[in-house]
Structures are given as structure tokens and as C-alpha cells.
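If you want the building blocks of each chain, they are given just below.
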Amino acid sequence: MTDPASRARYATDASIYQMVPEAVVLPRSEADVEAVMQIAREEETPVLPRGGGTSQCGQTINRAVVLDNTRHLNKIIDIDPENLTAKVQPGVVLDELNRSLKPHGLWFPVDPSTASRCTLGGMAANNSSGGKSLRYGIMRDNVRAIAAILPDGTRARFNGADPAPGPYADLVSDMRALGQREADEIDARFPKVQRRVGGYNIDALTGNDVNMAHLLVGSEGTLAYFTELDLSLAHLPGDKVLGICHFPTFYAAMDAAQHLVTLDPQAVELIDDTMIALGRDIPLFAETINAFVEGDPAALLLVEFAEGNATANAAKLAELAALMGDLGFAFSETGPRWGGVIPVSDPSLQNAIAEYRKSGLNVMMSMKQAGKPISFVEDCAVALPDLAEYTQGLTDIFARHGTKGTWYAHASVGCLHVRPVLNMRQDKDVKTMRKIAEECFDLVKHYKGSHSGEHGDGIVRSEFHEKMFGPRIVSAFEEVKARFDPDGLMNPGKIVHAPAMDDRRVFRYGPNYDVPAFETALDWSAWPGAAGGFQGAVEMCNNNGACRKLKGGVMCPSFRATRNERDATRGRANTLRFAISGQMPGGLTSDAMADTMKYCVSCKACRHECPTGVDMARMKIEVLAARRRENGLSLAEKLVAYLPRYAPRAARVAWLLNLRNKIGPVRKMAERLTGVSHRRDLPIWSANPFRDDEAQDNDPQVLLFADVFNRYFEPENLRAAVRVLRASGLRVAVAQDGSGTALDCGRALLANGCVDEARNEAQRVIAATRTAVARGIPVVGLEPSSILTFRDEFLALCPGPDAQALAEVAKTFEEVLATIAEIPLMPLGRPIYVHGHCHQKAHGAVTPMLDVLGRIPDTSVHMIETSCCGMAGAFGYAPETIDVSLAMAKLDLFPALDAAPDDAVIVADGTSCRHQIADGTPRRPVHVARLLDQALDA
């Protein structure tokens, strides 16, 4: 791929840097890789192997041909449980490997926080580690062998065996000779800490037991292309417990770490007060934090034990509590002695805490301001006895330069992720970054620590190798590079011959970066920057890649189906950033931008699950609005956008419109006219749509919003809802404005960029409900995508107190019922399986749904763990997107339904969800209102 949009999507990683590649290749085989490398040699063009693109230091960007291993080279070749080994291709995602290992009672014990998207090839290239390195070591300790293609095309298997004569044997001989020659210097200059990942691992070349694979580990793609990795596995740890140690000061926590590790935990992780405060403002984490944080600690140390059984774990927690007491901390104390231990034995809370801790970096980056916590000195590691003084020294350095740091990560091994808050668009802050880096690395050297303790070198740290190792070791690094890659074609500028870390020409926000002012359709004032804050909202994406996870949660369903970087939230955000800053021809209205948004189903998962809060669904509306202003609407788009307007007339000829589904030639003819695939049945128009006068109780306690989908296609849902609400003791009235025209949430208009018209509809709804809202009467809806628009898009369409007031009382059907003490329900005698609508999940509205269904006597309720169903309104009907729509459903939803009992009732509140399930499976799902209505009369 050589088009500007594709290259833009690979121009950045999770660092502050940006370099637009020459081209992007998605190799399907090793033969493809060999062909690319041969052409690159002939054209003297650099090559960059790339995994998940989550590097913190700029390792995975270059002006090169990028080889993305994740799309196709992602096979688990072999698992050998007896010998505790696995063989994988470089593009295998760590979590995918561990899912395959779990049935064998095994796992790969290097556990970086990016496990849901980082690849084993990238982990080896970066010498990754994680929270449990205290017990299991780092990547170098767990890689047995690496098969690789050298820059000259030679294939070799790097391991500890003596090679047969040939080019690889000559290379091994030269490297061993280098190791022996430099052994004394290596011993004198290499830091004696576990977390030393800077430079090449030439210390692996000393001694008699040399494994050449360990030289490739940490080489950042600069020496060879990895084709296979042989890994060491470990048995899954048994039940674990956490002791959440609270401290009154950060210094006290750092000083305590050296004592806590004497209890032999498998991890000790740090969370500081900044991360706690930011996390409390993120809906995804707020409830978790409240469950394990007592008061307002300055720092927490999360001490993890996995002793194999509950008794042994409890004993360890008792030892921890006693040790904290010996150190002088108690919750009954005040001031510098306040503190103690909160035990956590519940696995679900442990998992939630782990997810929060893993998102530490992204939580820090969620600050809605121009200055962000910047990665450049964050992975320094020192010996534990020096940790408190070292961190105090860093704090003093930051203070001298007018900033402060955010802290989290691996206290157990003296490696703390610290990020000073700086604005990389300002020259003065770039200069400050340079000064802080120089002083911090001097401090690390003073404590005989490592300047690169986890995230590698890349651009940001490579130039400091001479300061840390001395000129002779750096010369040895250069010798290694020259011997492997004499023409400098493998990811040049990393580890050796690096650019200056503060060279703004390779910054994401370079010296010429500018976003001009332009008018936006929605309100973005919560963020800084041009276009009323739209710039700041787009730039919230720090490329951490959480949207590339393949299981768990919802985000990002289209990426899960296609494995295409274009279709991840990150890929879209990068394309948007290039578009608004003039780095991509055509900007927001370009065909490339439209293509980038094509498979975004506006599921809202990123709003909830992206740790930095990137709301791509809302950003898509801006793109659609810009396109609409320039190009207008097609007939197919008009049919969707204006459905609420023509629906009353269409319902009068429902019998005629419904013939489309029954006559094959008409289906195919209509596809060309309407943009609806002939492979889909359209929803059935009701000849008896729901009327507002069907529920107009005096002095209502609930105001029912009758959305267009349930009103005209499944009015029995609304009628059932009215019966259930009344049976629950509530008086019900349908929201109306007296105009004779049904109220509309504007969702269909927004989906086609008709923002001004959607705003008019929002204003109608706000006006029609104002009196009820002022009285605190809930406004209730059945269709999640409609009623939750009141809590989301209305605030951007009509910012102000009226929209905010409506948002606070807008409720899903189940949210209202969950507040009712008694609902007269009878047993149904069938298990219930629930698929949650994406918007319900994004707004935390699934739990009330399960709560209400759980009140049906003698009935088991099961939540199906799924991503988006894939229908997403008109998306699943369009000929150009139907295949991806079905692919989304086939990932989790359809298999889960196939596995459900034959007599199970399938519940789905979303109209689109019900239609996707009915189209793709033998199941006939129902809305919660219908099921509860049945339970009233059972």
C-alpha cells in the first residue's frame, strides 16, 4: 500500500515521533517477506518489521517499507505441553497465545500491559517484560530460539547450538569473538539490574554458554527479520490474592518496596495519586477504584501472591499486614503513619484492578489538556535500596523545570514509569524535555542503574548509550550492526546512529504541524485546540492500540473482523489527524477519509473502552457532515436519513412494501435503487403502528419515548412495555409535542451527516419533555441507540442546561424497572441468554437489564460475552458492507447462540441486533419488554 492514508496509519506508534513510511506491505508468507527484502536491497530502501505498533520510543516507525506481521503471519505453529515450549510466527498476539495455552494449564509468563494487542515478534524485538518479571524474568529469559532472515537473504536459526559451516557459522564466530574481547568492559559498564534492555545484548556473547537468539532479543528490528520464535512456557499460577498497600507519601511507598519484596510476591505494582484521580473520572474504571482504594493515599503498592491455595495466600496476606505494621503504617494513624493493607481475594475485582493497572499509561494520557505525560525517561531502573532516593531526585528535577511527573508500574524491580507533563508542540517544552533527559540519565548513572528498563531504545534513548555505556561499548554495538546489516537497511536509526531525541523533524507534532480553524457540526469545547476543540479530541489518541484487542469488551468490532489497521479506532484517528492538519490530500471530505470510516459501525465502544476516551462514533458524524455539505445525499442515504419522516405514509401501504422480501427479482432490482443488499430481508412494516394516544395516563410517572423502529416495525414491543410499566405501578404517557408529528431522536439523520436537521429534532424532544424533566420524571425508551442519544449526542448537538437536564433523566426501559421494588412476574421455565446492545454496554446500561430479568422466578439468566452484532442499522444492509457485518457476528455472537440450549430465550434490546440474529441463526430474539410481558401472564 502506497496511498497517503495507508502510509499515514503506519507513521506513528505510541511514542512522540512520526515518520511516514515509503510503503506498507501485509505479507502472507515468508516468501513474501523474502521478496520484499530482496527488492529493498536492490532499491536500497530500508525495511521495518512491525507488530502491534505499541512501542513507546519510536521503534516501529521509519521512512521504510513497513512489513505488518499481524494480518497474516499470526499462526501458532506448535505447542508442546510436556516440554513447556511453543513455536509461533511473529504476528501472534500474546493474549491469543495464552488463550490457546490455557486448556493445557500453561501460559507465556512475560506479561506486558499491552498483552491484548502486542505480538510475540514485537516483544522479542523489544525485550519486553511486565509486572511478573520478578518471578519469571523478561523476554530474553523466555526465548529459546529465533528463526530469522538476515538482511542479505540468508536464513538462520539463532539458538545455543554450534552451527554447521557456512555464513551463519561465520557470523556466530565473529559475535562470540566480540563477546570475549569485550567481556571485561561489559562487566564494568553494564548495569547490574534485571531491567537492563538498552543497546544490544552483547553480554549474552560472553562466557561459554552462548545463545545467539538472546542477541536478537531487544534488537528492535535492526538486525534481522524474525520468522519463528521458540518460547519457554510456564504453568499457570494458582489462585492469587492482592494486598493493596496504602501510603501517605510517595517516598514512603518507594522506601517500602525493598521490604515488601522479601515476602516473595510475584509482583509489586505502583499506582500514584494522579492515576487514581484520573481513573475516578473514567467511567470504565471509577467503580473499580472505589472498590479497592481507601481514602486518599499518595501512592498504592499492589502486592500479588500466588501460592497455589487459599490457605497459603491468606498466610502471605497476614505476613504483609504484619510487615506494614512493622514499618509503622496503620489506618488508625494520621499524617506520615497513615496507611495499611486492603486485601482483595475476589477474582473478578482482581481482574478489574489488573485491567486498570494495565491501562496506567493510557489513563495518564486521558488528560484533556495540551500538555501530556511524555515518555522519554520513564523506564529507568535502579536497585531497590536506591529507589526512594532516586524517585525523590527525579521529582526534584521535574520541579526545577516547572513540571511534575506521573508514576506507575513495577516497584518490585525498581522500574517505574514516570512521565513529566509537557506540551510537545512548544519549542520551550521540547528544550525542557532535553534538559530533563540529560539530568535524569545522569541521576540513573549515579545510582548505577539502567536508562532503558523495559520499553527499549528507539529514537528517544538510543543517543544516550554513550553516556550510559561509554564509547567502547557503543563502538561494539556499531560493530554488531555493521556485521549483520552492512548496508544499514534494517530499521536504521535505532540503537546505533540515532537522530537526536529532540529533533522535531521526526516528531508527531513537528515544527510545521498546524491545524487550521474550521467550522464543526458538533460541540467539542471539552477539548483544546483548533476547530472548537475537535483537534484536541482527535489528538487524544496516543496510539496505544487498545482498540486492536481481539477478545473482551466490544472495541473495535470492525478491526476484529478485518484485522486491518484502517479499521481500528487508532487507524481512523491517525487518518483524521493527517486530514485536519493538511498532511493528507482532500482532508475530511476526501474519498480516503470516507473509506477509512466505512467500517466504523458507531458502536460507541471506544467511548467507553478507549482509555483515553476517543469517541470515534462522534468523530464520524463530523466526517459525514463535511461530506454531506460537499456532496449531498444519495438516494440510499436519503431513504435511511428521512425514514422517520416518511414512515407514517409508508405504514399505510405496509402490505405493498413488504412484498419486496417475497419476490426475488424485486429484491435485486431494489438493491440497485435503494442500496439494500438483496441478501437481506428488510424489516417488516406494521400495518398497525403504535399511536401516541395508546398511553396517555394523567399525571404520568414515566414519559415514554416511542422511537421510529419500534413504532412502525415492532409496535408490540411498545405495547408490551406500557403493560409492564403499568403492572409495576407506574402511570405512563407517551412523549409528544402537539404537532401531530412523532418525536424523533435524530439517530438516522446523524448516521448520514444531517447534523442541522438532527439538531432540530433534538430541540423538539428537549422542548416536548421540558416540563416532565423539570419534575424529575424519567424519559424512557426501548431502543438503546435512540434513548441513549439523549445522554450522548444531544449534549453535543444542543450544549447547555436543558440538554444536560434531559440527559440526566433519560433512561432505558430496564433502568427504570430496576428502581421498582416489586414487579409481578411469574416463572417462564426457560433459560434466558442476553446479548447487550453496544450502546447499552458503552453507557453501563447492561447491568439493570440483567437485574430485571433476574427477577423472573426460577429462571437462569446468562450474559453472552460478545462484541458488536455487526448489523449497526443500515451498515448490515449495504451491499458493500454486508460481508463485514456478518463477519462481526460470526466472531462471537453466532457461535454463542449455537452453543445455547435449544429452549433458551434470546433477548436483545437493539432492533439491529434482533434482525442480525434472526437473519444469521434459527433463533428469534425478543425485546426485554416482550419477555417481561409474557412473564406477567405466565
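One can find the structure itself at the top, above this paragraph.
Scope of this entry: the structure provided in the associated data block.

The rules we used
Residues numbered from 1 in each chain as written. Predicted model: local features only at pLDDT ≥ 70, side-chain atom pairs only at ≥ 80, totals over all residues. Heavy atoms only, no water. Patch = residues over 30% accessible without salt bridge, like charges linked within 9 Å, V, L, I, M, F, W, Y side chains within 5 Å. Areas by Shrake-Rupley, 256 points an atom, 1.4 Å probe, with all protein chains shown as cover. Salt bridge = Lys/Arg side-chain N within 4 Å of Asp/Glu carboxyl O. Lys, Arg positive; Asp, Glu negative; His and termini not counted. Charge placed at Lys NZ, Arg CZ, Asp CG, Glu CD. Helix = DSSP H or I, 4+ residues; strand = E, 2+ residues; numbered from the N terminus. Buried < 20%, exposed > 50% of the residue type's maximum accessible area, 1.4 Å probe, protein only. Contact = heavy atoms within 4.5 Å. Phe/Tyr/Trp six-rings, centres within 6.5 Å; stacked < 30°, edge-to-face > 60°. Lys NZ or Arg CZ within 6 Å of the ring centre and 35° of its normal. Pairing = 2+ DSSP bridges. Axes fitted to C-alpha atoms, helices over the stretch in contact; angles between N-to-C directions. Core = buried A, V, L, I, M, F, W, Y, C linked by side-chain atoms within 4.5 Å. Disulfide = S-S within 2.5 Å. Nonpolar A, V, L, I, M, F, W, Y, C, P; charged D, E, K, R; others polar. Polar contact = N/O pair within 3.5 Å; in protein donor to acceptor, adjacent residues only side chain to side chain.

On to a negative patch on the surface. A contiguous patch of negative charge, built from Glu42, Glu43, Glu44 and Asp487, is present on the exposed surface. By secondary structure assignment, the location of glutamate 44 is in the loop between helix H2 (30–43) and strand E2 (47–50).

Our focus in this paragraph is the pattern of salt bridges. Applying the stated criterion across every chain, the model contains 67 salt bridges. With a closest N to O distance of 3.0 Å, aspartate 591 and arginine 627 form a salt bridge. Placement of the pair is aspartate 591 in helix H24 (residues 591–597) and arginine 627 in helix H26 (residues 616–631), with a sequence separation of 36 residues. On the basis of relative accessibility, which here comes to 60%, the residue aspartate 591 falls in the exposed class.

For the rest of this paragraph, the subject is helix H44 (residues 928–937). Of all ten residues that make up H44, seven are buried, and the element is covered over most of its length. Summarising the contacts, the buried residues of H44 are in contact with helix H32 (715–727), helix H38 (813–817), strand E22 (832–835), helix H40 (846–853) and strand E24 (905–908).

This structure, assessed with the given rule, holds 21 aromatic pairs. Their ring planes at 85° and their centres at 6.1 Å tell us that phenylalanine 518 and phenylalanine 534 sit as a pair that is edge-to-face. With phenylalanine 518 in the loop between helix H20 (471–484) and helix H21 (534–538) and phenylalanine 534 in helix H21, this pair connects stretches of sequence that are 16 residues apart. Taking relative accessible area as the criterion, phenylalanine 518 reaches 27% and is therefore assigned partly exposed. Classification of phenylalanine 534 as buried rests on a relative accessible area of 0%. Ring geometry for phenylalanine 705 and phenylalanine 790: centres 5.1 Å apart, planes at 70°, overall edge-to-face. One end of the pair, phenylalanine 705, is in strand E18 (residues 702–705); the other, phenylalanine 790, is in the loop between helix H35 (784–787) and helix H36 (793–797), and 85 residues separate them in sequence. We note that phenylalanine 705, like phenylalanine 790, is buried. Taken together, the aromatic side chains of Phe190, Tyr200, Phe469 and Phe477 make up a single cluster linked through ring pairs. Directly above the ring of tryptophan 524 sits arginine 618, whose terminal nitrogen or CZ lies 5.8 Å from the centroid.

Pairing within the open sheet is antiparallel, and its five strands lie in the order E4-E5-E9-E7-E8. Edge strands, defined here as strands with exactly one partner in the open sheet, are strand E4 (76–80) and strand E8 (155–158). Looking at each pair of strands side by side, their axes are set apart by 10° on average, direction ignored. Inspection of the sheet shows strand E5 (residues 85–88) paired to strand E9 (residues 225–232) by four bridges, in the antiparallel sense. Within E9, the position partnered with valine 88 by the bridge is leucine 229. Across the sheet, helix H3 (residues 94–101) lies against E4, E5 and E9, angled at about 40° from E4, the strand it touches most.

Counting through the fold element by element, glycine 51 comes out in the loop between E2 and strand E3 (65–68). Looking at glycine 51, the relative accessible area reads 11%, which means it is buried. When the C-alpha atoms of glycine 51 and cysteine 869 are compared, they prove to be 28 Å apart, with 818 residues separating the residues in sequence. Dropping the residues within four chain positions of it, glycine 51 is found in contact with Asp68, Thr70, Thr119 and Arg548.

Before going further, it helps to spend a moment on the nonpolar core. In terms of nonpolar packing, the biggest core is built from 115 residues, with Phe108, Phe158, Ile202 and Leu301 touching the most fellow members. Per-element tally for this core: the top contributor is helix H17 (residues 427–446), with eight residues. Those residues in contact with phenylalanine 108, other than ones at most four positions away along the chain, are Leu94, Leu97, Asn98, Leu101, Leu120, Met123, Met139, Asn142, Leu231, Ser232 and Leu233. Grouped together as the second largest cluster of nonpolar side chains are 86 residues, Met597, Val779, Ala803 and Val884 included.

On the surface, Val653, Trp655, Leu656, Leu657, Leu659, Ile663 and Val666 cluster together into a nonpolar patch covering about 580 Å² of accessible area. Structurally, leucine 659 is set in the loop between helix H29 (654–657) and helix H30 (664–674).

This brings us to the state of the cysteines. Defined simply, a disulfide is a covalent bond joining two cysteines at their sulfur atoms. In the structure shown here, the tally under the stated rule is zero disulfides. Here cysteine 118 is not disulfide-linked; the sulfur of cysteine 547 is the nearest cysteine sulfur, at 14 Å. Accessibility expressed as a relative area gives 5% for cysteine 118, which makes it buried. Exposure remark for cysteine 547: the relative accessible area of 6% places this residue in the buried category.

Looking now at the packing of helix H10 (residues 250–260) against helix H16 (residues 387–400). The contact between H10 and H16 brings their axes to 7 Å, and the two run at 150°. Residue-level inspection shows Phe250, Tyr251, Met254, Asp255 and Ala257 of H10 in contact with H16, the latter providing Leu387, Ala388, Glu389, Thr391 and Gln392. Residue composition of the contact of H10 with H16, by class: six nonpolar, two polar and two charged.

Okay, the sheet that holds strand E23 (residues 861–863) next. Judged by pairing direction, the sheet is parallel, and its three strands sit side by side in the order E23-E22-E24 without closing on themselves. Each edge of the open sheet is held by one strand with a lone partner, namely E23 and E24. Between one strand and the next, the sheet's axes are offset by a mean angle of 25°, whatever the strand orientation. With four bridges connecting them, E22 and E24 associate as parallel partners.

With an omega of -15°, the peptide bond between methionine 555 and cysteine 556 qualifies as cis. Along the chain, the position of cysteine 556 falls in the loop between H21 and helix H22 (557–562). Of note, the phi angle at glutamate 220 is positive, near 60°, even though the residue is not glycine. Tracing the sequence through the fold places glutamate 220 in the loop between helix H9 (213–216) and E9. Assessed through its relative accessible area of 4%, glutamate 220 is described here as buried. In this structure, serine 602 is a non-glycine residue whose phi angle is positive, near 50°.

The next subject is the side chain of aspartate 111. Here aspartate 111 is to be found in the loop between strand E6 (106–107) and helix H4 (120–126). A polar contact is formed between the side chain of aspartate 111 and the backbone nitrogen of glycine 131, at a distance of 3.2 Å. Within the local environment of aspartate 111, its side chain forms a polar contact with the backbone nitrogen of lysine 132, the two atoms lying 3.3 Å apart. Non-local contacts of aspartate 111, meaning those with residues more than four positions away in its chain, are made with Leu94, Ser129, Gly130, Gly131 and Lys132.

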